[in-house]
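Listed here are the chains, written in short residue letters.
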Amino acid sequence: MGYCIGCFGYHQMNPSCSLGIFHELYQPGFSDFLKNYNMAKHNSILLLPLIITSLTLGSAKAMSTKQIAQKKPHIILIVADDLGWNDVSWNNPYVVSPNLNDLAVNGVILNQSYVQPTCTPTRSALMTGRYPFTIGLQQGVIGPMEPMGVPLRAQMLPRFLKKAGYTTHAIGKWHLGFCSWDYTPLKRGFDTFYGYYTGSEDYYSHKRAASRTGKKKKKKGKKRRGKDDYDDDDEEERERRFRGGSKEYLDLRNNTRVDDKKGGVYSTYIFASAAEEVIRSRKPKDPMFMYIAFQSVHSPLQVPREYMIPYRHIKYYERRVYLGMVTAMDEAIGKVITALKETGHYENSVIIFTTDNGGSVKKGGSNWPLRGGKASLWEGGTRGPAFIHSPLLPNPGTVTEHLHHVTDWFSTISSIAGVLTLPKVDGVNQWDALTGTSQVPQREAMIYNMDDSQKYKAGLRMSNYKLLVGGMARKSWVSLPESEDAPRRKTNNKKKKRPKGFNTKRLQQLFKPSPAALLSENGQKADLPPSDAAGEGQVTKDTQEVLDSGPSTENHNGSSDIPADSLEEPASYELLDDQPDDSDSMQDTSSSLEDFTSGEYISVKSMLRTMDDEYIFWKELKNDPTLFWENRVLNILGGYFRDRTKIRLYNLQDDPEERVNLAAIEPNRTQTMLSFLAQELLRYKVPLIRRDKARAHPTYWKNVWTPGWCQSLW
């Protein structure tokens, strides 16, 4: 039996199942919508496959990577900015995006597509195929006055596509560095560029402010940077530093020429027109790669008022504006698709759509029902909407549950374009998995991020399990912004004090020093402090069931690969936690191993460098990698994690909302995944952090954000 999507969740195929009819039927009553939406909630995130038979939808003949490479398809890569999981119509029926919905429903939806927590890391991974922590871009975004960019040694995708005969075009947001001309798009492989270099700007004036001096005031006791789970939105925090002056400066380029003629024109219109112009000015027989990085739906929240009309029933003002921006972007994408069809490009095109990170819940975005949002390693910050659409696909109208990371687009696009030689990258070619010609997952594991600059934080996915290491900022599960209890007016951006939870020290004592503390001395369930709110660090119904069941010898797959006595081993993991990560900033890393064991924090790599037998260690590691696991790092990391960080383990198949921490219950699996992260430390690169330069101020460059004030890094 066939199924269709585009209403709420998945429904049996019938002619009336369409986005427009759904809105007509369900828009008047939110209670009816919520009832049906909750029914579809688990269908949309609990990794359930969607099957559409070839009798229901027409399909092309299946082609291998080599076969499609011979056709030299046009490749259109569209990236939305800050678009959340719940901000697209195939996950949320209240979103009006008919063009995106049509492309997604008649393409292949990636239900497990992962990106980095913020803009620059995702875009660098997309363009280089490498994890950001391997090239020093793991810590967040590149500021407009920072003398840095993607290292030149990390060659970008368009350079390889040009060698395969493609013309390459970049439109919209760059945000991969511009202090040197060597970092700009035309020097990284693109033939043409129309857009802006920085991370955000006004949608109409195409300007952004700058700090008065270009210097950052470093507050005593505060971290300058280095967290991958900023309060909510690292870019928004960084933006506030550039609002000391009232004057704003232009950032809009046509190739290298400043375009100052578009003032007052909405940027979404501008970028759609730029894409149309390129498409209509060329011949379809020549292969084309077009990278369209929309400014939408990043802050500031700005949109022509007519796009807010479909959302007038929503009380939350910022949400109305935000969804209006989604609809405006959808209209722009529709114009691009129309241009492809009218010029004969469409039939031999592959269209890819993805977000760059989760939605910013403070700026109207929604990742419901996933936990967290932009700039966090929770699912809401890293799992985003994505699809691939093409008349060349043999399986239109399907959903793939194969694990997909943003680095995979580099390898997949290169393969279908016929690129013969590629450097060693972290991405894998997913074409066979996307087209259904191979049922074997191309990827079994991925790293969310890894940052050891101040306090070690990392995320790892293996099969259905997710491991988080380090103190993550507390993130709540944000309710639907369309709900009736949402605020009526625009909210302010002032930080609010977090509500105090119950006695967390009591929990720490309860679950230390070993998982055996889950049970009292007489083998009965230990008493827990009272709780009146569900959330991590508080006893939910699911967690209570785990505690009631006592130690388990089976994992979630039903196998018994975890010994029953493993829970008695002295491994101390914190099962529950609800306190924010408010520990002190990193101390001097010249500490000795004794300093570490006494509780002073130093980074893992710094600790290894201070060992007396450093040379012998690395020589032995090169000859026998097993020493890295058993004799050295695991012992060190064991004490480090036990004393200074939190360990979280989730089964995303059973618990996609990340509510039940299994780290203490499944210590063997936790240890295996920690070992994997320890190995990846060998590829870790020190983050490229540079202090802002006064020379970057636009007043030195005719009041325009301009390259040419720094030396590029190889």
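The rules behind the values
Residues numbered from 1 in each chain as written. Predicted model: local features only at pLDDT ≥ 70, side-chain atom pairs only at ≥ 80, totals over all residues. Heavy atoms only, no water. Phe/Tyr/Trp six-rings, centres within 6.5 Å; stacked < 30°, edge-to-face > 60°. Buried < 20%, exposed > 50% of the residue type's maximum accessible area, 1.4 Å probe, protein only. Pairing = 2+ DSSP bridges. Helix = DSSP H or I, 4+ residues; strand = E, 2+ residues; numbered from the N terminus. Axes fitted to C-alpha atoms, helices over the stretch in contact; angles between N-to-C directions. Contact = heavy atoms within 4.5 Å. Core = buried A, V, L, I, M, F, W, Y, C linked by side-chain atoms within 4.5 Å. Parallel < 35°, antiparallel > 145°, perpendicular 65-115°, else oblique. Salt bridge = Lys/Arg side-chain N within 4 Å of Asp/Glu carboxyl O. Polar contact = N/O pair within 3.5 Å; in protein donor to acceptor, adjacent residues only side chain to side chain. pLDDT = per-residue confidence, 0-100.

## Quick notes on the packing of aromatic side chains
- Evaluation of the coordinates by the stated rule reveals 16 aromatic pairs.
- With centroids separated by 5.6 Å and ring planes inclined at 15°, the aromatic side chains of Tyr131 and Phe133 adopt a geometry described as stacked. Exposure class is identical for Tyr131 and Phe133. Each is buried.
- Ring centres of Trp174 and Phe190 lie 6.2 Å apart, and the angle between their planes is 85°; this geometry places the pair in the edge-to-face category.

## Concerning the sheet that holds strand β19 (residues 465–469)
- Read across the open sheet, the four strands follow the order β17-β18-β19-β20; overall the sheet is antiparallel. Lying at the two open borders of the sheet, with one neighbouring strand each, are β17 (445–451) and β20 (647–651). Mean inter-strand twist for the sheet, computed between neighbouring axes without regard to direction, equals 10°.
- One ladder, built from six bridges, connects β17 with strand β18 (residues 457–462); its direction is antiparallel. Looking at β18, one finds that Ile447 is bridged to Leu460.
- Where helix α19 (residues 667–680) meets the sheet, it contacts β17, β18, β19 and β20, and its direction lies at approximately 65° from that of β19.

## Let's talk about unusual backbone geometry
- Cis geometry marks the peptide bond from Ser299 to Pro300; its omega dihedral reads 5°.
- Mapped onto the elements, Pro300 comes out in the loop between β12 (288–293) and α9 (317–342).
- Trp368 connects to Pro369 through a cis peptide bond whose omega is 5°.
- Looking at the secondary structure, you find Pro369 in the loop between β13 (349–355) and α10 (379–382).
- With a phi angle near 60°, Asn255 is a residue other than glycine that sits in the positive phi range.
- Residue placement: Asn255 occurs in the loop between β10 (253–254) and β11 (257–258).

## A closer look at the sheet that holds strand β6 (residues 167–173)
- Taking strand neighbours across the sheet as the criterion, the ten strands line up as β11-β10-β7-β6-β12-β3-β13-β14-β4-β15 in an open arrangement whose pairing is mixed. Each of the sheet's edge strands pairs with one partner strand only, and the pair in question is β11 and β15 (398–400).
- Bridge count for β13 against strand β14 (residues 386–389) is four bridges, and the pairing is antiparallel. Across the sheet, Ile351 pairs through a bridge with His389, a residue of β14.
- Against the sheet, helix α4 (residues 98–105) contacts β4 (108–110), β13 and β14, and its axis sits at roughly 70° relative to β14.
- Here helix α11 (residues 408–416) sits on the sheet in contact with β3 (74–80), β4, β12, β13 and β14, set at roughly 175° to β13.

## A word on the environment of Leu301
- Tracing the sequence through the fold places Leu301 in the loop between β12 and α9.
- Once the C-alpha coordinates of Leu301 and Tyr322 are considered, the two residues, 21 residues apart in sequence, prove to be 6.3 Å apart.
- Setting aside residues up to four positions removed in sequence, Leu301 forms contacts with Glu318, Val321, Tyr322, Met325 and Lys363.

## Focus on the nonpolar core
- Counting 59 residues, the largest nonpolar core has Leu77, Leu161, Phe289, Tyr291, Ile388, Trp409 and Ile413 as its most contacted members.
- Here this core gets four residues from one element, more than from any other, and that element is α11.
- For Tyr291, the residues in contact, after removing those within four places along its chain, are Leu77, Val79, Arg123, Leu126, Met127, His169, Ala170, Ile171, Lys173 and Phe190.
- Counting residues in each nonpolar core, the second largest holds 54 residues, with Ile270, Met290, Tyr316 and Val336 among its members.

## Comments concerning the environment of Met127
- The residue Met127 is located in helix α5 (residues 119–128) in this model.
- Between the C-alpha atom of Met127 and that of Pro158, which follows or precedes it by 31 residues, the distance is 7.9 Å.
- With near-sequence residues (within four places) excluded, Met127 lies in contact with Gln155, Met156, Leu157, Pro158, Leu176, Phe190, Tyr291 and Phe410.

## A closer look at the packing of α4 against α9
- Running from N to C, α4 and α9 point in directions that differ by 60°, and their axes come no closer than 7 Å. It follows from the interaxial angle that α4 and α9 lie oblique. Every residue of α9 that contacts α4 at Pro98, Asn99, Leu100 and Leu103 is listed here: Met329, Asp330, Glu331, Ile333, Gly334 and Ile337.

## Remarks on the pattern of salt bridges
- Under the criterion given, the structure shown has 17 salt bridges.
- A salt bridge links Arg319 to Glu482; its shortest N-O distance comes to 3.0 Å. Here the residue Arg319 occupies a position in helix α9, and Glu482 occupies one in the loop between β19 and α13 (504–510), the gap between them amounting to 163 residues.
- Its relative accessible area of 5% is what places Glu482 among the buried residues.

## Some details on the pairing of β19
- For β19, the tally of buried residues reaches five of five residues, placing the bulk of the element in the interior.
- With burial as the criterion, each face of β19 is covered, one bearing Tyr465, Leu467 and Val469 and the other bearing Lys466 and Leu468.
- As judged from the five bridges shared by β18 and β19, these two strands associate in the antiparallel manner. Along β19, the bridge assignment pairs Arg461 with Lys466.
- Hairpin connection, β18 to β19: the antiparallel pair is bridged by two residues, and Ser463 has positive phi, about 55°.
- In this sheet, β20 lies alongside β19 in antiparallel orientation, the contact comprising five bridges. Following the sheet pairing, Tyr465 is matched in β20 by Asn651.

## Examining the side chain of His206
- By the element assignment, His206 lies in the loop between β7 (192–196) and β8 (207–209).
- Here the side chain of His206 touches Val265 through a polar contact of 3.0 Å, landing on its backbone oxygen.
- With residues near it in sequence (within four places) discarded, His206 still touches Glu201, Tyr249, Leu250, Asp251, Leu252, Lys262, Gly263, Val265, Ser267 and Ile270.

## A few points about the confidence of the model for the protein
- Across the protein, pLDDT averages 74, with 63% of residues at or above 70.
- Contacts from residues 214–235, a stretch scored under 50 in pLDDT, to residues over four places away or in other chains number 75 contacts.
- Counting contacts from residues 489–622, a segment whose pLDDT is below 50, to residues more than four positions away or on other chains yields 206 contacts.

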